[in-house]
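Letter by letter, the chains look like this.
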Amino acid sequence: MPRYEFRCRTCGDTFEVNRPMAESSAPASCPAGHDDTVKLLSAVAVGGTKSTPAPSAGGGGGGGCCGGGCCG
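Predicted model, so just to flag it, every value in this text is computed and none were measured. Counting restarts for each chain, with residues numbered from 1 along the sequence as it is written. Per-residue local features of the predicted model are confined to residues with pLDDT of at least 70, and side-chain atom pairs are confined, for both listing and counting, to 80 or more; whole-chain, interface and lining totals are unaffected and use all residues. Derived side-chain values reflect all non-hydrogen atoms in the structure, with water molecules and hydrogen atoms excluded from consideration.

> Any chance you could explain the packing of aromatic side chains here in plain terms?
Two measures describe an aromatic ring pair: the distance that separates the ring centres and the angle between the ring planes. Only centres within 6.5 Å qualify two rings of Phe, Tyr or Trp (six-membered ring in Trp) as a pair; their planes then separate them into stacked at under 30 degrees, edge-to-face at over 60, and tilted for everything else. Enumeration over the complete set of coordinates arrives at one aromatic pair. For the pair phenylalanine 6 and phenylalanine 15, a centre-to-centre distance of 5.7 Å together with 15 degrees between the ring planes defines the contact as stacked. For the exposure calls, accessible area comes from a 1.4 Å probe over protein chains only, and a residue counts as buried if that area is under 20% of its type's maximum, exposed if over 50%, partly exposed in between. Residue class for phenylalanine 15 comes out buried when judged on its relative accessible area of 8%.

Written out as structure tokens, the structure is:
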């Protein structure tokens, strides 16, 4: 189940709520009981260990302006 982060405008606390995506924009009360909260935008980190090398310019494979020969 997705986790959404909220911040209380009254006391400034940040808290998380687990709820279905269909209820993602529903209001949430802070743990101290305040109702004036705002949903925060969460950054999603996607990690991995494999890296893909960048294509070399002018290397004889088509596509793109400088990779395909339109540059003089």
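And the narrative resumes.
> What am I meant to see in the sheet that holds strand S1 (residues 3-8) here?
DSSP-based pairing: two strands are paired if at least 2 bridges between them are found. Strands here mean DSSP runs of E at least two residues long; helices mean DSSP runs of H or I at least four residues long; both are numbered from the N terminus. Sheet architecture is open: three strands sit in the order S2-S1-S3, paired in antiparallel fashion. A strand with exactly one partner marks an edge of an open sheet, and here the two such strands are strand S2 (14-18) and strand S3 (37-39). Averaged over all pairs of adjacent strands, the angle between strand axes in this sheet comes to 35 degrees, irrespective of strand direction. Sheet analysis places S1 next to S2, joined by five bridges and oriented antiparallel. In this analysis, axes come from line fits to C-alpha atoms, helices being fitted only over the stretch in contact, and the angle between any two N-to-C directions falls in the range 0 to 180 degrees.

> What is the right way to look at the side chain of arginine 19 in this model?
You can see arginine 19 is positioned in the loop between S2 and S3. This count recognises Lys and Arg as positive and Asp and Glu as negative, with His and chain-terminal groups excluded. Salt bridges are defined as contacts in which a side-chain nitrogen from Lys or Arg sits within 4 Å of a carboxyl oxygen from Asp or Glu. Buried within the structure, arginine 19 lacks any salt-bridge partner; its nearest side chain of opposite charge belongs to glutamate 23, at an N-O separation of 4.8 Å. A distance of 2.6 Å separates a polar atom in the side chain of arginine 19 from the backbone oxygen of alanine 26. Looking at arginine 19, its side chain comes within polar contact range of the main-chain oxygen of proline 27, at 3.5 Å. Contacts are assigned to residue pairs with any non-hydrogen atoms lying within 4.5 Å of each other. Beyond its immediate stretch of four places on either side in the chain, arginine 19 contacts Met1, Pro2, Tyr4, Phe6, Ser24, Ala26, Pro27 and Ala28. Here a polar contact means two N or O atoms within 3.5 Å. Within protein one must be a hydrogen donor candidate and the other an acceptor candidate, and residues neighboring in sequence count only if both atoms are side-chain atoms.

> Even after reading the chapter, I still don't get the nonpolar core, so can you show me in this structure?
Judged by nonpolar contacts, Tyr4, Phe6, Cys8, Phe15, Val17, Ala28 and Cys30 together constitute the single largest core of seven residues. Taken together, the elements giving at least two residues each to this core come down to S1 and S2. A per-element tally of this core places S1 first, with three residues. Not counting residues up to four positions away in its chain, the partners in contact with alanine 28 are Phe6, Phe15, Val17, Arg19, Asp35 and Thr37. The set of buried Ala, Val, Leu, Ile, Met, Phe, Trp, Tyr and Cys residues whose side-chain atoms join them within 4.5 Å is what this entry labels a nonpolar core.

> For this particular structure, what's the right way to read the pattern of salt bridges?
Any two side chains of opposite charge can pair, so long as their charged atoms come close to each other. All told, the structure shown has two salt bridges when counted by the stated rule. Taking the shortest distance from any N to any O, the salt bridge between arginine 3 and glutamate 16 comes out at 3.4 Å. Linking arginine 3 in strand S1 with glutamate 16 in strand S2, this pair joins segments that are 13 residues apart in sequence. Residue arginine 9 is joined to aspartate 36 by a salt bridge in which the shortest nitrogen-to-oxygen separation is 3.6 Å. Placement of the pair is arginine 9 in the loop between S1 and S2 and aspartate 36 in the loop between S2 and S3, with a sequence separation of 27 residues.

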